[in-house]
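Chain by chain, the residues:
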Amino acid sequence: MRRITGEAKDETLIELHSVTDSHTGDENGGNSVDSLSERTTLPGNTETEKLQQNKDTVFFRDGVRRVDFVLSYVEDKDGEKKQERRRAFEANLEKEGLELETEDKSDAKDQRTYFLKIHAPWNVLATYADVLKIKVPFKTSDVPHGQDVPLEWLSHPFRLPEHIMRPQPDYFTYPFDKTKTDFFLINDKDTFFPPSTRNRIVYYILARCPYYKEGLKERDKTGIKRLLSNGTYTAAFPLHDCRYWKRARNAECESERYNLYQHWARFLIFYKEQPLNLIRKYYGEKIGIYFAWLGFYTEMLFFAAVMGVICFTYGLLSYEENVSSKEICNADIGGSIVMCPLCDKKCPFWKLNSTCLSSWQSHLFDNEGTVFFAIFMGIWVTLFLEFWKRRQARLEYEWDLVDFEEEQQQLQMRPEFEIQCTNKRLNKITQEMEPYLPATSKCARFCLSTATVIFWVSLIVACIIGVIAYRLAVYAAFASIIKDPLRKIQLVGRFITPQLATSVTASCINFVIIMILNFFYERVAIWITDMEIPKTHLEYENRLTMKMFLFQFVNYYSSCFYVAFFKGKFVGSPGDYTYMFGRWSNLRNEECDPGGCLIELTTQLVIVMSGKQLWGNIQEALLPLMRNWWSSRKGRRHPENHYSRWEQDHALLNFTQLGLFYEYLEMVVQFGFITLFVASFPLAPLLALFNNILEIRVDAWKFTTQFKRPVASKARNIGAWQEILNAVAILSVVTNAFIMAFTSDMIPRMVFLYAYGENETMIGYVNNSLSMYKISQIHEDNMPEERDDWFGNSTTTCRYRDYRYPPGHNNEYSHTMQFWHILAAKMAFIIIMEHVVFVVKFLVAWMIPDVPTGVKARFKRERYLIQEYLHNYEVERLKLQLSASFITEPQSGMSLLTDKHEMVSECL
């Protein structure tokens, strides 16, 4: 007998339990309902009674049937219509064979939410496992995993326990067949299908179950997605198996969520390997393949980061040998060179040594080591993609995904396609009638989609042009403020130039514009993809992927392309300047620093890339934490037995169908930054490495603690992202070759060193790279408003970046032969670098097979053993059938018996 005092009215609640019931309740920790032999409840003590029941369970009230899915809803003003839909929907679910149990709102903490628990019995699971061709084990695998690796002990600190890395034995698997249940390893029907498979099957039913009444076929009234969108249900989700911070007390609960949190989602174990098999078992193959790719990408970034640090270190060590910067900073050389104004009216004449600091900074990234690093990254990206194909092939084999593609295409038709496409035609392969979208409708939708994408991409380009116009306009303002950095601004003036101030502010504004456009375009991309009505989930994701990446490509990279390939290339000369919108606009095209435009590209890349990563981590970590804290702040103060498992999960954030899409998009955009423009910033892979180490654990923490459990889904590879990565890899070779040729000053320096320098030295390079112009010939509109005398009117000429003949020459102000020599050298460098890198890329791709030899051999061995085992099973089954029929037939049927013996002989 157990006594509990009720606080409300100081009355006493007496409950009588049998000894057996008490023991069961303690052991199961509430994963079964109290089985009371007797219950006596005094009035006013319902709250106390609830405290007695431990509700943190994944089972029905009987403690036997597992909750495979949960639907929640609330009653509101439009309650009658929604109630009618729910009744029809739940009745159809029961017709499908699902078992339902409702938790009344009076049992919920908010006193307003109902929870509908769904259980799929064995016959439903078996039927749909047969339909979906789900592979299940039929024999323990005897194929060895591989040989011991030399010096394996070195990796022990990074290893996880074996039961975490391999949560279940390896089996030979075969698509489930309901008629051959004795062929499979079915020890317990309740646990044969793991929870991830069970919730996948139930969701398949929910997505296709109608909610119209019998006899009234309304095609649009189908599926849980539509019921969620119209508010009939507020949420639909499978349950986590336990709380993440402690194990479930019921031995039947796997506590896989707890294991994932302890061995994967904590940042302090960032150096450990990921439990990919456990991730796949709990979340499904699609999420598992994402974390496998992210982990492999991070591993490969380590080598790129090391080479980037070496390249940067070389720039530091060769700091003192930088002759060009010494000449710029020298008071007798750089201090005596008067430069032409960089803008009209507001910009004064200036001395070259005012850019002393920026020339030193430029040398850190623009040196001989940068060429080597650009070539290395072209080869690295090929190795990354080829070795990923091998890793992916290994995962396909280990996770039974080799034959999944056909199943995915045929069986994962989107319910939206089935509902909206009313026309049907005969499938020539299956010989069944199936819905299709007419060509006229498809063409019209495609045209509207294309026009929308073009409009938004044009909008981005217009915004970028606006930012460029801002750069041109604000440069004059900064130039008028920072006229003499060495004298006028004592604290930070020596670190600030008009170019740097303009570049930093423009990059920040550009980043804000990028974030705003992202917000709107994400919704537009989803809308136009929905409008196209793709047939399968794979087709839907691929179309959305291409649209989103095209937008992100233009959005994130366009400003970097401008600085790398356009800024300073179309400036003109002091007598013939080029203007952005014509001379009337007074927006003169920007010039590069005397140290080159590469440092400005570096600034642009650092701000956009670092800003995106910082904002992404804030969005991924802080926002879910704050939302979940706000929604569950009341419930978490209550004890475990008062806060049910479905209420705890209901308070978590939804993991949407596009949740994984955004994770891939973030990483692929980062991949573009570290490959397309890496020649300008060798430390970019190091920043990406640090970000990804954090990203893996943040994503793991988010999946494990902040999100409802996603519905398990299959995927054999990373989909359209693979082709995007290949395209970015090829484009990166071209962009880096052009950056080294046209943005960097490497080629002009090399040409001067070997063709024009004295004794093959860089002495005199700065003077050689600057052309002269007569100040008296400068048009009045290009002259500064304030004519300062700080250079003492000691010269009649000013200098500018170009290779042109000086005043008084026969070919005055026309390009010199050195200009054409340098241009030829740049084009030759591009051709040579591209061909060398592409040859090495294709050679490496040819030498490295996509599928490891060991995996091929094991796959063939497994196929052979499966066929042999299946053949033996069919023969034994046929023998039993013939033996049974022989016993029941009369002895006179000798001719029929002979035929049967011949049949058995043929089988054997």
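Predicted model, so just to flag it, every value in this text is computed and none were measured.

Quick word on the environment of Asp332
Argument step 1. Note on placement: Asp332 falls in the loop between α12 (323-329) and β10 (338-339).
Argument step 2. Judged by relative accessible area, which is 67%, Asp332 ranks as exposed.
Argument step 3. A C-alpha to C-alpha distance of 9.5 Å links Asp332 and Asn353, two positions 21 residues apart in sequence.

Some remarks on the confidence of the model for the protein chain
Argument step 1. For the protein chain, the mean per-residue pLDDT works out to 80, and 83% of the residues sit at or above 70.
Argument step 2. Note on residues 634-641: pLDDT under 50 across the span, and 17 contacts to partners over four residues away in sequence or across chains.
Argument step 3. Between residues 903-908, whose pLDDT stays under 50, and residues either more than four places distant or in other chains, the model counts six contacts.

Comments concerning the packing of helix α11 (residues 285-317) against helix α23 (residues 684-706)
In a pair of packed helices, the angle between the axes and the distance between the axes together describe the arrangement.
Argument step 1. Where α11 contacts α23, the axes come no closer than 7 Å and their chain directions differ by 155°. Looking at the two axes, α11 sits roughly antiparallel to α23. As α11 runs across α23, the sense of the crossing is left-handed. Contacts between α11 and α23 pair Ile287, Tyr290, Phe291, Leu294, Gly295, Tyr297, Thr298, Leu301, Phe302, Ala304, Ala305 and Val309 from the former with Pro685, Leu686, Ala688, Leu689, Asn692, Ile693, Glu695, Ile696, Asp699, Ala700 and Phe703 from the latter.
Argument step 2. When grouped by side-chain class, the residues that make up the contact of α11 with α23 number 18 nonpolar, three polar and two charged.

Side note on the state of the cysteines
Argument step 1. Tallied over the entire structure, the rule returns two disulfides.
Argument step 2. Through a disulfide, Cys329 is tied to Cys356; the S-S separation comes to 1.8 Å. Residues Cys329 and Cys356 share a disulfide whose torsion about the S-S bond is about 100°; that sign makes it right-handed. Residue Cys329 is found in helix α12, and its partner Cys356 is found in helix α13 (residues 356-365); the two are separated by 27 residues along the sequence.
Argument step 3. The partner cysteine of Cys340 in its disulfide is Cys798, sulfur to sulfur 1.9 Å. Here the S-S torsion is close to 85°, and the disulfide linking Cys340 with Cys798 is therefore right-handed. With Cys340 in the loop between β10 and β11 (350-351) and Cys798 in strand β17 (residues 797-801), the pair connects residues that are 458 residues apart, well separated along the chain. In terms of burial, Cys340 and Cys798 fall into one category: buried.
Argument step 4. You can see Cys443 has no disulfide; the closest cysteine sulfur is in Cys447, sitting 4.2 Å from it.

Concerning the sheet that holds strand β4 (residues 69-74)
Strands belonging to one sheet form pairs held by backbone hydrogen bonds; the direction of such a pair is parallel or antiparallel.
Argument step 1. Taking strand neighbours across the sheet as the criterion, the four strands line up as β5-β6-β4-β9 in an open arrangement whose pairing is antiparallel. The sheet terminates laterally at β5 (99-103) and β9 (235-237), the two strands that pair on one side only. Each strand of the sheet is rotated relative to its neighbour by a mean of 20°, with strand direction disregarded.
Argument step 2. Here three bridges tie β4 to β9, and the two strands are oriented antiparallel to one another. When the bridges of β9 are listed, Ser72 appears paired with Ala235.
Argument step 3. Packed onto the sheet, helix α3 (residues 79-95) meets β4, β5 and β6 (113-119) and runs at close to 165° relative to β4.

Thoughts on α13
Argument step 1. Taken across its 10 residues, α13 has seven buried, putting it largely inside the fold.
Argument step 2. Within α13 the residues assigned to the buried category are Ser358, Ser359, Trp360, Ser362, His363, Leu364 and Phe365.

Here's the deal with the pattern of salt bridges
Argument step 1. For the structure shown, the criterion picks out 32 salt bridges.
Argument step 2. Taken together, the salt bridges that share partners define one network made up of Arg61, Glu101, Glu103 and Lys117.

Considering the packing of aromatic side chains
Within a pair of aromatic rings, the relevant descriptors are the distance that separates the centres and the angle that separates the planes.
Argument step 1. This model, assessed by the stated rule, comprises 67 aromatic pairs.
Argument step 2. Between Tyr557 and Phe673 the ring centres are 5.1 Å apart and the planes differ by 90°, which places this aromatic pair in the edge-to-face class. With Tyr557 in helix α19 (residues 537-565) and Phe673 in helix α22 (residues 659-676), this residue pair connects regions lying 116 residues apart in the sequence.
Argument step 3. Look at Tyr557 and you get buried, because its relative accessible area is 0%.
Argument step 4. Given a relative accessible area of 1%, Phe673 falls into the buried group.
Argument step 5. Judged by centre distance (5.6 Å) and plane angle (65°), the ring pair of Phe752 and Tyr765 falls under edge-to-face. One end of the pair, Phe752, is in helix α25 (residues 746-756); the other, Tyr765, is in helix α26 (residues 765-769), with 13 residues separating them in the sequence.

What about unusual backbone geometry?
Argument step 1. One non-glycine residue, Lys133, lies in the positive phi region at around 55°.
Argument step 2. Mapped onto the elements of the fold, Lys133 is located in the loop between α4 (122-131) and β7 (135-140).
Argument step 3. Assessed through its relative accessible area of 38%, Lys133 is described here as partly exposed.
Argument step 4. Phi is positive for Ile533, which is not a glycine, with a value near 50°.
Argument step 5. Owing to a relative accessible area of 4%, Ile533 belongs among the buried residues under this scheme.

Section: α3
Helical geometry note: an α-helix holds 3.6 residues per turn, so side chains three or four residues apart project in the same direction.
Argument step 1. Taking 1.5 Å per residue as the helical rise, α3 with its 17 residues ought to reach 24 Å, and the 24 Å between its terminal C-alpha atoms agrees with that figure.
Argument step 2. Residues Gly79, Lys82, Arg86, Ala88, Phe89, Glu90, Asn92 and Leu93 constitute the buried set of α3.
Argument step 3. On its buried side, α3 packs onto β4, β5, β6, α7 (195-208) and α8 (224-229).
Argument step 4. Following α3 by one or two positions, Gly97 has its phi on the positive side, about 105°.

Scoring rules and cut-offs
- Residues numbered from 1 in each chain as written.
- Predicted model: local features only at pLDDT ≥ 70, side-chain atom pairs only at ≥ 80, totals over all residues.
- Heavy atoms only, no water.
- Helix = DSSP H or I, 4+ residues; strand = E, 2+ residues; numbered from the N terminus.
- Buried < 20%, exposed > 50% of the residue type's maximum accessible area, 1.4 Å probe, protein only.
- pLDDT = per-residue confidence, 0-100.
- Contact = heavy atoms within 4.5 Å.
- Axes fitted to C-alpha atoms, helices over the stretch in contact; angles between N-to-C directions.
- Parallel < 35°, antiparallel > 145°, perpendicular 65-115°, else oblique.
- Left-handed = near helix turned anticlockwise from the far one by under 90°.
- Nonpolar A, V, L, I, M, F, W, Y, C, P; charged D, E, K, R; others polar.
- Disulfide = S-S within 2.5 Å.
- Pairing = 2+ DSSP bridges.
- Salt bridge = Lys/Arg side-chain N within 4 Å of Asp/Glu carboxyl O.
- Phe/Tyr/Trp six-rings, centres within 6.5 Å; stacked < 30°, edge-to-face > 60°.
- Expected span 1.5 Å × (residues − 1).

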